[in-house]
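# Structure assessment
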Amino acid sequence: MKYFLLAGEASGDLHASNLIRALQQEDAEATFVGLGGDKMCDAGCRLLQHYRNMAFMGVIAVLANLKKIRENFRIAEQGLLDERPDVLVLIDYPSFNLKIAQFCKTNLPQTKIVYYIPPKVWAWKTFRIHKIARLSDLVLGIFPFESTFYAKYGYCCEYVGNPTMDSIREYQSSSINQQSAISNQQSPITNIIALLPGSRRSEIKHCLPTMLAAAREVLRSAESATCNLQPVTCNLSPATCHLQPLTTITVAAAPGIEDSFYAPYLQGEQLTRDTYQLVTHAKAAIVNSGTATLETALLNCPQTAVYYIACSKWLGWLKPFIFKIPFFTLVNIVPAREVIKELIAFNFTKAKIVTELTRLLTDEPYRQQMLADYDEIRSILGCYPAAATAAKRIVSLK
């Protein structure tokens, strides 16, 4: 079968590439074409457009790039007409993908439409659920509660597993193999406060200065009190642990954003591109809300979530009209209760981060309860391999 995939940003590119490899295992004659990124290309997909020319977030960015956006629609629509795929696979990116799904439904009625990783209609813009269900032959969700949510409206969404769980399992498995292959030597490292400021320049610009200011204050307070924090241990040898020598505050750099972008914010803090290794060996983390909070939980690092929202003083009044759930972060949404503290919008202040970070570093019962709650999240998400399960279901549409 021929598969046409649409992914409009880095996370979608990653998930699509994993799906492509899984489809290759299920369908020996599979061919792939679409819009996405380097990971999709490496997996065997012929790209018609790169997501770097598609990922425009916010009203100003969209208005400034209307010409490019129209061209992207033209490329996707013409690509569908030229390729006439058996299956169109949409990965998140709803504003673009739903319009293309409508075009496909109208012009290529024989093409099956699959929404893999549908938009978060359970959080906001719930009205989209009707369009998703009407246009899709198959909706494959990555959170267990999505099935219940869709059923409430009389629609079907099949849970296939969570790709973040898959990524963490793969990382941990490779880390164990790497460690056993090199040595059992343990090398002590300093305590790490990990900062994960986000994957987009605008997020980093708005979040990182406050995150750094809070972490620096906690560090200064700890040093002045002769710091009672216990050293943690890195299981990797100095030769393989590229984070050595470690500083107390380390910032996770996003893919595709150059080191020089971070330089004006740093005052001796270290930068790393191995986020999983950083979080694995950190004592605590400050995380910009998003998938990174779930990754941090699955890597067993105590954390607080932050998020900048412009005109945040209005959020308290607007929240009931915009958001359908009481939490912002996946770590709290999955178990439907507060596991980590959310410092969002008007709560995103240096003082509140300092208070929460200090507690994460010094209150051992609080830390242990958070780690126990992480175990519950793993149990809820289960062990389904998301891409492989999704691939089997997609191939069954023949």
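Refer to the preceding data block for the structure.
This one's a predicted model, so the numbers in the text were calculated from it and none came from an experiment.

## Focus on unusual backbone geometry
A positive phi angle is found at aspartate 92, which is not glycine, with a value near 50 degrees. Note on aspartate 92: relative accessible area 18%, which makes it buried. In this model, alanine 345 sits at a positive phi of 55 degrees, which is unusual for a non-glycine residue. Tracing the backbone shows alanine 345 in the loop between β15 (342-344) and α15 (350-362).

## Overview of the environment of alanine 351
In this structure, alanine 351 sits in helix α15. Through-space distance from the C-alpha of alanine 351 to that of glutamate 217 is 9.4 Å; in sequence the pair is 134 residues apart.

## With respect to the sheet that holds strand β6 (residues 138-141)
Strand order in the open sheet formed by seven strands is β3-β2-β1-β4-β5-β6-β7, with parallel pairing between adjacent strands. One side of each edge strand has no neighbouring strand; the edge strands of this open sheet are β3 (45-50) and β7 (158-159). Relative to strand β4 (residues 87-91), strand β1 (residues 2-7) runs parallel, the two being bridged by five bridges. Across the sheet, leucine 6 pairs through a bridge with leucine 90, a residue of β4.

## Thoughts on the pairing of β6
Burial of β6 is two-sided: the residues Leu138 and Leu140 facing one way and the residues Val139 and Gly141 facing the other way are all buried. Sheet topology places strand β5 (residues 112-116) next to β6; three bridges connect them, and they run parallel. Residue tyrosine 116 lies in a different strand from β6, and its bridge partner there is leucine 140. Where the polypeptide runs from β5 across helix α6 (residues 128-135) and back to β6, its parallel neighbour, the crossover connection is right-handed. Of the pairings in the sheet, the one linking β6 to β7 comprises two bridges and is parallel in character.

Scoring rules and cut-offs
- Residues numbered from 1 in each chain as written.
- Predicted model: local features only at pLDDT ≥ 70, side-chain atom pairs only at ≥ 80, totals over all residues.
- Heavy atoms only, no water.
- Buried < 20%, exposed > 50% of the residue type's maximum accessible area, 1.4 Å probe, protein only.
- Helix = DSSP H or I, 4+ residues; strand = E, 2+ residues; numbered from the N terminus.
- Pairing = 2+ DSSP bridges.
- Right-handed = clockwise from strand over helix to strand, strands pointing away.

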